[in-house]
Amino acid sequence: MTRAGGLPPRGVPAGGGTLAFLAGRWRIDRRLDDRRAAASGRFTGLAGFTAVPGGLRYREDGELRFGGHAGPAWRELRYLAGPDGTADVRFADGRPFYRLDLRAGRWQARHECGQDLYLAGFEVLGDDLVTEHWRVRGPDKDYDSFTELRRLAAGADDLPPVSPPSWPSPPG
């Protein structure tokens, strides 16, 4: 994975917020560098942001190669619509994760989990390209995750079907 030629961050298209920009299907490439385990790895696959009541469901499916492991991996998140074009990102079980606002093309997020601190930076580098960098530090964690999402062309049929949401309906 290479960073997209030093492109400067740019905002999402006018009239759309974070969720409108993200909706659709993407190819994902993530590099993982774990200093504590002295290991690196890569996750590659496909991701989809699918409309559900109150926001989007995010699902990524692919293959993780890390250390001596190689096998299938997946993750789900829920992106709840904010009234101002932002998103409240939650784990699949509804627990809060972070707030996301891509309207200006760049965003930083923070998540605390026990003694672990997750710091993230997001950049919109084009209509079809988003990068994400997580730095994770804690008593038992010390790793970086670098992700590149590239939008799939409309009609691309190489994304597996997305199963129905597995979380409770949003309150209200």
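Refer to the structure presented above.
Residues numbered from 1 in each chain as written. Predicted model: local features only at pLDDT ≥ 70, side-chain atom pairs only at ≥ 80, totals over all residues. Heavy atoms only, no water.

This part takes up the overall build of the chain. Scanning the chain for helices and strands turns up one helix and ten strands. Counted from the first residue to the last, the chain has its helices and strands arranged as α-β-β-β-β-β-β-β-β-β-β. Within the span of the chain, comprising 172 residues, buried residues form 43% of the whole. Looking at the chain as shown, the accessible area adds up to about 9100 Å², and 55% of this sits on carbon and sulfur atoms. (Helix = DSSP H or I, 4+ residues; strand = E, 2+ residues; numbered from the N terminus. Buried < 20%, exposed > 50% of the residue type's maximum accessible area, 1.4 Å probe, protein only. Areas by Shrake-Rupley, 256 points an atom, 1.4 Å probe, with all protein chains shown as cover.)

Take empty space enclosed by the protein next. Under the definition given, this model contains two cavities of 30 Å³ or more. Roughly 100 Å³ of internal volume is contained in the largest cavity. For the largest cavity, the lining is made up of 16 residues, of which Phe49, Tyr79, Phe122, Glu132 and Leu149 are closest to its centre. Mapped by element, the contributors of at least two residues to the lining of the largest cavity are strand 1 (24-34), strand 3 (55-66), strand 4 (69-81), strand 6 (96-100), strand 9 (129-137) and strand 10 (142-151). Of the residues contributing to the lining of the largest cavity, the split by class is eleven nonpolar, one polar and four charged. (1 Å grid on protein atoms, 1.4 Å probe; cavity = no way out; pocket = protein on both sides within 12 Å on 5 of 7 lines; lining within 4 Å. Points joined across faces, edges and corners; volume = space filled by probe spheres on them. Nonpolar A, V, L, I, M, F, W, Y, C, P; charged D, E, K, R; others polar.)

For the rest of this paragraph, the subject is the pattern of salt bridges. For the coordinates displayed, the defined rule picks out 22 salt bridges. Arg31 is paired through a salt bridge with Asp33; the nearest N and O atoms lie 3.0 Å apart. In this structure, the salt-bridge partner of Arg59 is Glu76, at a minimum N-O distance of 2.9 Å. Of this pair, Arg59 sits in strand 3 while Glu76 is found in strand 4, placing the two residues 17 residues apart along the sequence. Each member of the pair Arg59 and Glu76 is classed as buried. (Salt bridge = Lys/Arg side-chain N within 4 Å of Asp/Glu carboxyl O.)

Turning next to the pairing of strand 2 (residues 39-52). The two faces of the sheet receive side chains in turn, since in a regular strand these alternate between them. Both strand 1 and strand 2 contribute to a ladder of eleven bridges, which runs antiparallel. Its bridge partner lying in strand 2, Asp34 is registered against Ala39. What sits between the antiparallel neighbours strand 1 and strand 2 is a turn of four residues, in which Ala38 has the positive phi angle 50°. Across twelve bridges, strand 2 lies against strand 3 in antiparallel orientation. The residue of strand 3 that forms the bridge with Gly48 is Arg59. What sits between strand 2 and strand 3 in their antiparallel hairpin is a turn of two residues, with Gly54 showing a positive phi close to 90°. (Pairing = 2+ DSSP bridges.)

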